Amino acid sequence: MLKKLIGSDLRELQEIALSYGMPRFSGKQIADWIYKKKVRSIDDMTNLSKSFRERLSADYCIGVSGYSSVTESSDGTRKYLFPVEGAGAVETVMIPDAERRTLCVSSQNGCKMNCSFCMTGRNGFRGDLDPAQIISQFLAVDETDSLTNAVFMGMGEPLDNYDAVMRCIEILTSDWGFAWSPKRITVSTVGVLPSLKRFLDESKCHLAVSLHNPFDRERAAMMPVQKAYPISDVVALIREYDFSGQRRVSFEYTMFAGVNDSERHCNSLIAMLSGIECRVNLIRFHRIPGSNLSPSSDAVMERFRDRLNAHGIVCTVRASKGEDIFAACGMLAGKKD
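All residue numbers refer to position in the chain's written sequence, counted from 1. Since the coordinates come from a predicted model, pLDDT governs what is reported: local features require at least 70, and pairs of side-chain atoms require 80 or more to be given and counted, while whole-chain, interface and lining totals use all residues. Excluded from the side-chain calculation are hydrogens and water; included are all heavy atoms of the structure.

- Going by an unreviewed UniProt entry, the protein chain carries the name Probable dual-specificity RNA methyltransferase RlmN and comes from Candidatus Merdivivens pullistercoris.
- Taken verbatim from the UniProt record of the protein chain, the Sequence similarities (unreviewed entry) comment is "Belongs to the radical SAM superfamily. RlmN family."
- UniProt positions are given in the numbering used here, feature names are shortened, and annotations may be inferred rather than shown by experiment. Quoted straight from UniProt, the Subcellular location (unreviewed entry) entry for the protein chain says "Cytoplasm".

Pasting the structure below:
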């Protein structure tokens, strides 16, 4: 089986070039062809000698995994299905918003976190995606040349597949890769503390924390991760870092009628986040099969938002997109519609 070049960093590509008796700078040329020019064939790397291309092609391929189907929402959101060899498929969502094209990327095939309100977690965990499978999502979608932002908020818990996600962020932000600013990337987490500390120390990307309930016992009933990594400990760690500059932290809060949308919850959230330079995104719950949860009304969400804003915590109600094609938050299941 041919080995994949995609997902390799510059050092690895340089070592590959050297192993064929080529100069080190040939590794940089390969990186340019893969990540900047986005070619699909080694034979297209025309500034490499024909002999080197032929020898390289005997052992390697570029390795971009294509999508098997795409579904478009009435609001322009597009959901791509990417097969995973021997283990079903993952979904990737392109979200349009004026001049922005944001790619919502999957990092795992399924999810271990088993949050009660998320279709991905309800379907179980089938494995981590490797860097080639994650970067393929950027290179294979039809909008690859017009993407402006990325959010690691698709299937899976990004910080549970830390090394692969950070390798992809390196590719996205390095001069030899996509050369994106870290400010164009947001990584979401339910609060996997050991990896979260590493991420805060090793990355300049934005952070989004899935909070959803400020009370320990209630959050544990919704999100089993609470038992291992209490949200109070997650927030305490975040307090140690400076988010007053270019880097942002947001707290995601999906609202469920009669579950986490009361004034009691709002007041506790205010107390928990007081003094942190942050934003709270209120998210409408999108009904999923087999769940008895219901979305909060618009009026309740607006009162919750206004109370947070009145206490100095910036809060917005996130616009929902792609619900009609099961592409909205919490609805990804890795299945063809």
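What follows continues from the structure just given.
## Points about the UniProt feature "active site" (unreviewed entry) in the protein chain
Step number 1: In the numbering used here, UniProt assigns the feature "active site" (unreviewed entry) to Glu91 and Cys329.
Step number 2: The secondary structure listing takes helices from DSSP runs of H or I that are at least 4 residues long and strands from runs of E that are at least 2 residues long, numbered from the N terminus. Note on placement: Glu91 falls in strand E5 (residues 89–97).
Step number 3: Within the structure, the side chain of Glu91 is placed 3.4 Å from the side chain of Lys79, a separation counted as a polar contact. The term polar contact refers here to a pair of N or O atoms within 3.5 Å; inside protein, the definition further demands a hydrogen-donor-capable atom paired with an acceptor-capable atom, and it admits residues adjacent in sequence only when both atoms are side-chain atoms.

## Structural notes on the sheet that holds strand E6 (residues 100–104)
Paired through backbone hydrogen bonds, the strands of a sheet run either parallel or antiparallel to each other.
Step number 1: Any two strands with at least two DSSP bridges between them are considered paired. Sheet architecture is open: ten strands sit in the order E3-E4-E5-E6-E9-E10-E11-E12-E13-E14, paired in mixed fashion. Every other strand in the sheet has two partners, leaving strand E3 (69–72) and strand E14 (314–317) as the edge strands with one partner each. Averaged over all adjacent pairs, the angle separating strand axes in this sheet is 20 degrees, with direction ignored.
Step number 2: One ladder, built from six bridges, connects strand E12 (residues 249–255) with strand E13 (residues 279–284); its direction is parallel. Counterpart to Thr254 in the pairing with E13 is Ile283. Axes, fitted as lines to C-alpha atoms, cover a helix only where it is in contact. Angles between the N-to-C directions of the axes lie from 0 to 180 degrees.

## Quick word on the packing of helix H6 (residues 162–173) against helix H7 (residues 193–202)
Step number 1: H7 packs onto H6 with a crossing angle of 15 degrees between their chain directions and a minimal axis gap of 11 Å. Here H6 is positioned roughly parallel relative to H7, judged by the angle of their axes. For H6 against H7, the interelement crossing comes out right-handed. Contacts between H6 and H7 pair Tyr162, Asp163, Met166 and Ile169 from the former with Ser195, Arg198, Phe199 and Glu202 from the latter.
Step number 2: Of the residues assigned to the contact of H6 with H7, the class counts are four nonpolar, one polar and three charged. Note on angle classes: values under 35 degrees are labelled roughly parallel, values over 145 roughly antiparallel, values of 65 to 115 roughly perpendicular, and the remainder oblique. Left-handed describes a crossing whose near helix is turned anticlockwise from the far helix by less than a right angle; the clockwise case is right-handed. The contact criterion used is simple: two residues touch if any of their non-hydrogen atoms lie within 4.5 Å. Residues are grouped as follows: nonpolar covers Ala, Val, Leu, Ile, Met, Phe, Trp, Tyr, Cys and Pro; charged covers Asp, Glu, Lys and Arg; every other residue, Gly included, is treated as polar.

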